[in-house]
Amino acid sequence: MLHMFSVGVMPLVFLGIIGYGFFRRVNIFDAFLSGAAGGLKTLFGILPALVGLLAAIAMFRASGALAFTTKLLAPITNFLHIPSEIMPLALLRPISGSGALALVNDLLTSAGSDSMVGRIASVVMGSTETTFYTLAVYYGAIHIRDSRHTVPAALLADMTGLLAGVYICQLLY
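Residues numbered from 1 in each chain as written. Predicted model: local features only at pLDDT ≥ 70, side-chain atom pairs only at ≥ 80, totals over all residues. Heavy atoms only, no water.

Visitor: Help me out: how do you make sense of the overall build of the protein chain in this one?
Guide: A count of helical and extended segments in the protein chain gives nine helices and zero strands. When its helices and strands are written in sequence order, the protein chain yields α-α-α-α-α-α-α-α-α. On C-alpha atoms alone, the protein chain measures out to a radius of gyration of 21 Å, which is more than a quarter above the 16 Å that the 2.2 N^0.38 rule sets for 173 residues. A principal-axis box enclosing the C-alpha atoms of the protein chain has dimensions of 65 × 45 × 30 Å. Taking the intrachain contacts of the protein chain between residues at least 6 apart in sequence as the baseline, contacts between residues at least 24 apart amount to 66%. If you sum the accessible surface of the protein chain, you get close to 11,600 Å²; carbon and sulfur atoms cover 72% of it. Of the side chains in the protein chain, 9 bear a positive and 7 a negative charge, and the two mean positions are spaced by 10 Å. (Helix = DSSP H or I, 4+ residues; strand = E, 2+ residues; numbered from the N terminus. Rg over C-alpha atoms; globule rule 2.2 N^0.38 Å. Contact = heavy atoms within 4.5 Å. Areas by Shrake-Rupley, 256 points an atom, 1.4 Å probe, with all protein chains shown as cover. Lys, Arg positive; Asp, Glu negative; His and termini not counted. Charge placed at Lys NZ, Arg CZ, Asp CG, Glu CD.)

See the structure below:
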């Protein structure tokens, strides 16, 4: 029953939008073209920020700075009982979702999905956000240059998600 609902929900939403447009006597194709043009304007507005962010991520990983930072933080992570394998994920997740997903895939392949590291990585991936990517996209789309308290608050939320994920997994498993 649930599978049939999930398969049919998108066509129903699509037909509902078209039906509503006919009911309101809206030229649906012109509205679609207008929305697509607005989407392209938004894309070109945020594209420079995204390209810069992706280039910075690639340089961060390729330069060895990620590995260096992980080793530098090892005394703190050992004190907090955070597995050292999780730290590259914790450092990369606020910057890049796809990079973090690649790290989780590597962790699950090497340590196993039922291992403590695999479970912690999965929980951390689900309980943290790609903070800088999100800020680049949303703030870039509406041309906000000063993020003020957004970055510290978002990074605090990411740190909370990391610590809670580690301790809850260690408590439950």
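Visitor: Is there a simple way to think about a nonpolar patch on the surface in this case?
Guide: Together, L40, L43, F44, L47 and V51 make up a nonpolar patch on the protein surface, roughly 460 Å² of accessible area in all. Turning to its location among the elements, L43 is positioned in helix α2 (residues 28-62). When its relative accessible area of 36% is taken as the criterion, L43 is described as partly exposed. (Patch = residues over 30% accessible without salt bridge, like charges linked within 9 Å, V, L, I, M, F, W, Y side chains within 5 Å. Salt bridge = Lys/Arg side-chain N within 4 Å of Asp/Glu carboxyl O. Buried < 20%, exposed > 50% of the residue type's maximum accessible area, 1.4 Å probe, protein only.)

Visitor: Honestly, the nonpolar core in this entry has me stumped. Any pointers?
Guide: Across soluble globular proteins, you tend to see nonpolar side chains buried next to one another. If you look at the biggest cluster of nonpolar residues, it comprises 16 residues, and the most contacted ones within it are I82, I86, L89, I120, A121 and L162. Contributions of two or more residues to this core are made by α5 (87-92), α6 (97-111), α7 (116-127) and α9 (150-172). Among the nonpolar cores identified, the runner-up in size contains five residues, and L53, I57, L92 and L103 belong to it. (Core = buried A, V, L, I, M, F, W, Y, C linked by side-chain atoms within 4.5 Å.)

Visitor: I tried to follow the packing of aromatic side chains on my own but got confused; where do I start?
Guide: Two numbers describe a pair of aromatic rings. These are the distance of the centres and the angle of the planes. Counted according to the given criterion, the structure contains zero aromatic pairs. Here the guanidinium or amino end of R119 rests over the ring plane of Y173, the centre of that ring lying 4.0 Å away. (Phe/Tyr/Trp six-rings, centres within 6.5 Å; stacked < 30°, edge-to-face > 60°. Lys NZ or Arg CZ within 6 Å of the ring centre and 35° of its normal.)

The quantities given are spatial measurements derived from coordinates; they are silent on function.
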